[in-house]
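Structural overview for review
What follows is each chain in one-letter form.
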Amino acid sequence: MGVTRNRCHRVLPFCYFDLRVPAEALNAFILRKKGMTEQPKTLGEHLRNRRLVLGLRQEDVAERLGTMREVYERWERDEREPVVSVWPLVLAFLGYYPGPQESFADMTLMARRTLGLEQKKLAEQVGVIHQRLRRWEHGAETPSPPELARLKGLLAEPMRAAG
């Protein structure tokens, strides 16, 4: 670790010599100590990482997301997932979608969460019955090209509004 001016923290102030640590390395160490993971896999890990990076308390994030601290705490511990109507706020807080996006099932779930819609409402907007949309979401069926285009169109609308 190199010595940098004005951006170091004295680690051993009681010694006769200075051992200096770059502030960035110290901050990264502190974040890891608080529970930040380098490769978050679950929604809870993504939420915890974002909260720690922003230097917020669980109460602060819960207030931003319009929920109680206890409920948010369960999300962070991966005991529960947010209801679909809260997902747009969660995604706005994170700044990205934390789940997989590889299959039609993943894309259908991502569309529902991004739009904050129940299966029936999204099915209405796509123009299919909700049982069909449920099968897409579970990977039991794939949408036809026109249905897929409508789903992608719906998904593109919030992205345009956010960007």
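Right, let's walk through the structure included here. (Residues numbered from 1 in each chain as written. Predicted model: local features only at pLDDT ≥ 70, side-chain atom pairs only at ≥ 80, totals over all residues. Heavy atoms only, no water.)

Description of the pattern of salt bridges
Applying the stated rule across the entire model yields 14 salt bridges. With its nearest N and O atoms 3.6 Å apart, the salt bridge here joins Arg69 to Glu59. Residue Arg69 is found in helix 4 (residues 69-76), and its partner Glu59 is found in helix 3 (residues 58-64); the two are separated by ten residues along the sequence. Of the charged contacts in the structure, one is a salt bridge between Arg113 and Glu81, with a shortest N-O distance of 2.7 Å. Of the two residues, Arg113 is situated in helix 6 (residues 104-115) and Glu81 in the loop between helix 4 and helix 5 (87-94); the sequence distance between them amounts to 32 residues. Within this structure, Arg57, Glu59, Asp60, Arg69, Glu70, Glu73, Arg77 and Glu79 form a network of salt bridges that share partners. (Salt bridge = Lys/Arg side-chain N within 4 Å of Asp/Glu carboxyl O. Helix = DSSP H or I, 4+ residues; strand = E, 2+ residues; numbered from the N terminus.)

Focus: the packing of helix 5 against helix 6
At their nearest, the axes of helix 5 and helix 6 sit 6 Å apart, and the two run at 95 degrees to each other. In terms of axis orientation, helix 5 runs roughly perpendicular to helix 6. Facing Trp87, Pro88 and Leu91 of helix 5, the residues of helix 6 in contact are Arg113, Thr114 and Leu115. Tallied by class, residues from the contact of helix 5 with helix 6 come to four nonpolar, one polar and one charged. (Axes fitted to C-alpha atoms, helices over the stretch in contact; angles between N-to-C directions. Parallel < 35°, antiparallel > 145°, perpendicular 65-115°, else oblique. Contact = heavy atoms within 4.5 Å. Nonpolar A, V, L, I, M, F, W, Y, C, P; charged D, E, K, R; others polar.)

Quick word on helix 2 (residues 43-54)
For helix 2, built from twelve residues, the straight-helix expectation of 16 Å at 1.5 Å per residue is met to within 8% by its first-to-last C-alpha distance of 17 Å. Immediately beyond the C-terminal end of helix 2, within one or two residues, lies Gly55, with a positive phi of roughly 70 degrees. (Expected span 1.5 Å × (residues − 1).)

Here we look at the packing of aromatic side chains
Evaluated as defined, the whole model comprises two aromatic pairs. Between Tyr72 and Trp75 the ring centres are 6.2 Å apart and the planes differ by 70 degrees, which places this aromatic pair in the edge-to-face class. Of this pair, Tyr72 and Trp75 both sit in helix 4, three residues apart, roughly one helical turn. In terms of burial, Tyr72 and Trp75 fall into one category: buried. (Phe/Tyr/Trp six-rings, centres within 6.5 Å; stacked < 30°, edge-to-face > 60°. Buried < 20%, exposed > 50% of the residue type's maximum accessible area, 1.4 Å probe, protein only.)

Considerations on the side chain of His46
Within the secondary structure, His46 is located in helix 2. With residues near it in sequence (within four places) discarded, His46 still touches Pro40, Lys41, Leu94, Tyr96 and Pro98.

Side note on the environment of Tyr97
Within the fold, Tyr97 resides in the loop between helix 5 and helix 6. The spacing of Tyr97 and Arg113 is 16 residues in sequence and 9.1 Å in space, taken between C-alpha atoms. Contact partners of Tyr97, with chain neighbours within four places excluded, come to Trp87, Leu91, Leu109, Met110 and Arg113.

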